Amino acid sequence: MATHSDGILVSASGLSTPNETNVEKVVKFLPADFYTHFLSNTAKERKPSPIRGLFPLEKKPGVISLLAGKPNAAMFPFKSLSFNITSPTDPSQEQSISLSGKDLSDGLQYCDTGGLPRLQKWFMGLQALSHARKSGEGWSLSIGGGSQDLIYKAVNALVNPGDAVLVESPVYAGIIPLLDTLHCEQIEIETDANGVCSHMLRDTLENWPVDKPKPKVLYSVPYGCNPTGMTATTERRKEVLQLARKYNFLILEDDPYFYLYFGKAARPLSYFQLELDEPEVGRVIRFDSFSKVLSAGMRMGFASGPKPIIDAMDMHTSTANLQGSSLIQAITLALVEEWGYNNFFAHTRAVADFYREKRDVFESALNAHLSGLAEWCTPEAGMFFWFKLLLSQNQTSNIDEGDSEDLIRTKAYEGGVLALPGTVFLPNGRKTAFVRASFSLCTEEQVNEALKRLRTVLLKERGQA
């Protein structure tokens, strides 16, 4: 075992570390022209912003810029901002942070498309500590309006209308309409408690029609998956990475729950880190989110991946929304610089502990009210339970049969419980007995009452009321 920078144990299996002579491994990365095949027609046709493309030239010492139509900060009415935050080491204490002078001016002004340089640098350092990835390995980083914003731009940079796209199944419901809009063929790869079923992924690609272009992208949420709560094992991740190299596809690693890992076992390494053990890096585009650890409403996320892909995403940003919010970035920067990496990790440990307790409360209620009426696996990260309702008395265990949709959408809601039927997480919309329930907000009393109500509805459905 080894200890991660945030204090959580990680599996030493596959851990990339310097060798005994302290000579660091030379990381080989794929060349820029490798990605030409992967870029969508739209990405190839998109032209740089005639103004934003020249922003870097303003930074040359001695240059007087008449370039951009930036408003003069002297006319902004904001002179200072201050806010209180909870101490990451003592929740009973608060810290005060102020934003003024140049730091505030930078937050009120347009910034580089990829984000404030100091915040980018801090995030690069975070990736070094969290995933052992260093600059100079062919990757770059871009800050966006939450990870969903960046996923949307990555998909548009890589996928043409009508393309086949590999998606884990069940899959995060937010990715389905995005791919539907592009009229993509969503190729579902089943998951289990250990992650993407790599043997099914292999079978799908081995038997792919000869006259049909193979998928260029696989989408996955590997920690605390939304909706299943699954956390992929290191072994599965390695198998998927090897298949990515063999069949030449990229992995979109959507990871909003990385810092919400609370499993007893050592935390598996990310795809972004594990690819260091491949012959070369450059097949993973990683999406990080601060929505679960700082604030969902701030819309703060960042993408890390091969520079040509990140550049294509930035090109989209420069013609769509110009950049992520400078002010939100400035507030985030003030916070993380005040904390430093150690206190940031102390905070994320506290967040993970909070959700572990929430998980335990929900599972205790499941055992109390739905034992024998539902089946589930215990999540080790995230904020969701994915459980199968046993809709009839003679339903076969461990087989997904039946349809939870009407019971959950109509009967349970009429009974005072709101949850999501599993079908919304399946791209083909097929019937399933599964249900997704979030444990993030409800009190222990509310959880027990909700599952009591669901039990009543379910017993009636089974003819046992």
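One structure accompanies this document, and this report is about it. (Residues numbered from 1 in each chain as written. Predicted model: local features only at pLDDT ≥ 70, side-chain atom pairs only at ≥ 80, totals over all residues. Heavy atoms only, no water.)

**What about the sheet that holds strand β14 (residues 384–389)?**
Selection rule: A pair of strands is considered paired only if DSSP assigns at least 2 bridges between the two. Only DSSP runs of H or I covering at least 4 residues are called helices, and only runs of E covering at least 2 are called strands; the numbering of each starts at the N terminus. The contact definition used throughout considers only heavy atoms, calling two residues in contact when any of these lie within 4.5 Å. Here, axes are lines fitted to C-alpha atoms. For helices the fit covers the stretch in contact, and angles between N-to-C directions go from 0 to 180 degrees.
One open sheet accounts for 4 strands, arranged β13-β14-β16-β15; its pairing is antiparallel. With one partner strand each, in any of the chains shown, β13 (374–376) and β15 (420–421) form the two edges of the open sheet. Relative to strand β16 (residues 434–438), β14 is paired through 5 bridges, and the arrangement is antiparallel. Along β16, the bridge assignment pairs phenylalanine 384 with serine 438. Where helix α10 (residues 326–370) meets the sheet, its contacts fall on β13, β14 and β16, and the angle it forms with β14 comes to roughly 15°.

**Concerning the environment of phenylalanine 385**
Rules: Whether a residue is buried, partly exposed or exposed follows from its accessible area with a 1.4 Å probe, protein chains only, as a fraction of its type maximum: under 20%, in between, or over 50%, in that order.
In this structure, phenylalanine 385 sits in strand β14. A residue is classified by how much of its surface remains accessible, and phenylalanine 385, at 0% relative accessible area, is buried. Spatially, the C-alpha atoms of phenylalanine 385 and aspartate 203 are 29 Å apart, while their sequence positions differ by 182 residues.

**Considerations on the side chain of serine 198**
The condition that has to hold: Any pair of N or O atoms that falls within 3.5 Å is considered a polar contact. Within protein, one atom must be able to donate a hydrogen and the other to accept it, and sequence-neighbouring residues count only if both atoms are side-chain atoms.
With respect to the secondary-structure elements, serine 198 resides in helix α6 (residues 198–206). At 2.3 Å, the side chain of serine 198 and the side chain of glutamate 239 are in polar contact. In this structure serine 198 touches Arg236, Glu239 and Leu243, once residues within four positions along its chain are discounted.

**Description of the packing of helix α4 (residues 147–158) against helix α9 (residues 307–320)**
Basically, it comes down to this: For classification, angles of less than 35 degrees are called roughly parallel, those exceeding 145 degrees roughly antiparallel, those between 65 and 115 degrees roughly perpendicular, and all remaining angles oblique. Residues were grouped as follows: Ala, Val, Leu, Ile, Met, Phe, Trp, Tyr, Cys and Pro as nonpolar; Asp, Glu, Lys and Arg as charged; and all remaining residues, including Gly, as polar.
Remark: α4 packs on α9, axes separated minimally by 9 Å, with the N-to-C direction vectors making an angle of 110°. When the interaxial angle is binned, α4 and α9 end up roughly perpendicular. Here Leu150, Tyr152, Lys153, Ala154, Asn156, Ala157 and Leu158 of α4 lie close against α9, whose contacting residues are Ile309, Ala312, Met313, His316 and Thr317. Counted by class, the contact of α4 with α9 contains 8 nonpolar, 3 polar and 1 charged residues.

**Examining the pairing of strand β7 (residues 185–192)**
Remember that side chains alternate between the two faces of the sheet whenever the strand is regular. Where strand β6 (residues 164–169) lies against β7, 6 bridges are found, and the strand directions are parallel. Bridging across to β7, glutamate 168 finds its partner in isoleucine 189. In this antiparallel pair of consecutive strands, β7 and strand β8 (residues 195–196), the connection spans 2 residues.

**Quick look at the packing of aromatic side chains**
Selection rule: Only the six-membered ring of Trp is used, alongside the rings of Phe and Tyr, when aromatic pairs are assigned; centres must lie within 6.5 Å, and planes under 30 degrees apart are stacked while those over 60 apart are edge-to-face, with the rest tilted. Any Lys NZ or Arg CZ that is within 6 Å of a ring centre and within 35 degrees of that ring's normal is treated as a charge sitting over the ring.
Applying the stated criterion to the full structure yields 22 aromatic pairs. Look at phenylalanine 34 and tyrosine 35: their rings are 5.1 Å apart centre to centre, the planes differ by 90°, and that puts the pair in the edge-to-face class. Seen from their ring centres, phenylalanine 362 and phenylalanine 385 are 5.2 Å apart, and the 20° between their planes marks the pair as stacked. Within this pair, whereas phenylalanine 362 is found in helix α10, its partner phenylalanine 385 is found in strand β14, the two being separated by 23 residues in sequence. Phenylalanine 385 matches phenylalanine 362 in its accessibility class, with the two residues each being buried. Taken together, the aromatic side chains of Trp122, Phe123, Tyr223, Phe258, Tyr259, Phe290, Phe302, Tyr341, Phe344 and Phe345 make up a single cluster linked through ring pairs. Positioned over the ring face of tyrosine 223 is arginine 237, at 4.1 Å from the centre of the ring.

**Some details on the sheet that holds strand β5 (residues 139–145)**
Read across the open sheet, the 8 strands follow the order β5-β12-β11-β10-β9-β6-β7-β8; overall the sheet is mixed. The sheet is open, and its two borders are formed by β5 and β8, each paired with just one other strand. As judged from the 7 bridges shared by β5 and strand β12 (residues 300–306), these two strands associate in the antiparallel manner. Bridged to tryptophan 139 within β12 is proline 306. Where α6 meets the sheet, it contacts β6, β7, β8 and β9 (217–220), and its direction lies at approximately 150° from that of β7.

**With respect to unusual backbone geometry**
Look at the link from serine 169 to proline 170: it is a cis peptide, with omega at 0°. One can find proline 170 in the loop between β6 and α5 (175–181). The backbone of histidine 183 sits at a positive phi, close to 55°, despite the residue not being glycine. As for its placement among the helices and strands, histidine 183 is situated in the loop between α5 and β7.

**Structural notes on a nonpolar patch on the surface**
Operational definition: Note on patches: the residues involved have over 30% relative accessible area and no salt bridge, like charges join within 9 Å, and the nonpolar side chains Val, Leu, Ile, Met, Phe, Trp and Tyr join within 5 Å. Each accessible area is a Shrake-Rupley result for a 1.4 Å probe, and residues are judged covered by the shown protein chains and nothing else. Any carboxyl oxygen of Asp or Glu that lies within 4 Å of a side-chain nitrogen of Lys or Arg is treated as forming a salt bridge with it.
Together, Ile51, Leu54, Leu57 and Leu67 line one region of the surface with nonpolar side chains, adding up to about 320 Å² of accessible area. Of note, leucine 67 is situated in the loop between α1 (41–45) and β3 (80–86). Judged by its relative accessible area of 31%, leucine 67 is partly exposed.

**Let's talk about the pattern of salt bridges**
Following the criterion strictly, the structure yields 25 salt bridges and no others. Among the ionic pairs, lysine 102 bridges to aspartate 106, the shortest N-O distance being 2.9 Å. Here the residue lysine 102 and the residue aspartate 106 both occupy positions in helix α2 (residues 101–108), the gap between them amounting to 4 residues, near one helical turn. Its relative accessible area of 28% is what places aspartate 106 among the partly exposed residues. A salt bridge links glutamate 449 to arginine 453; the shortest N-O distance between them is 3.0 Å. Of the two residues, glutamate 449 and arginine 453 both sit in helix α12 (residues 444–461), 4 residues apart, roughly one turn of that helix. Under the relative-accessibility criterion, arginine 453 is labelled partly exposed at 34%. It is possible to trace a salt-bridge network through shared partners that takes in Glu253, Asp255, Arg286 and Asp288.

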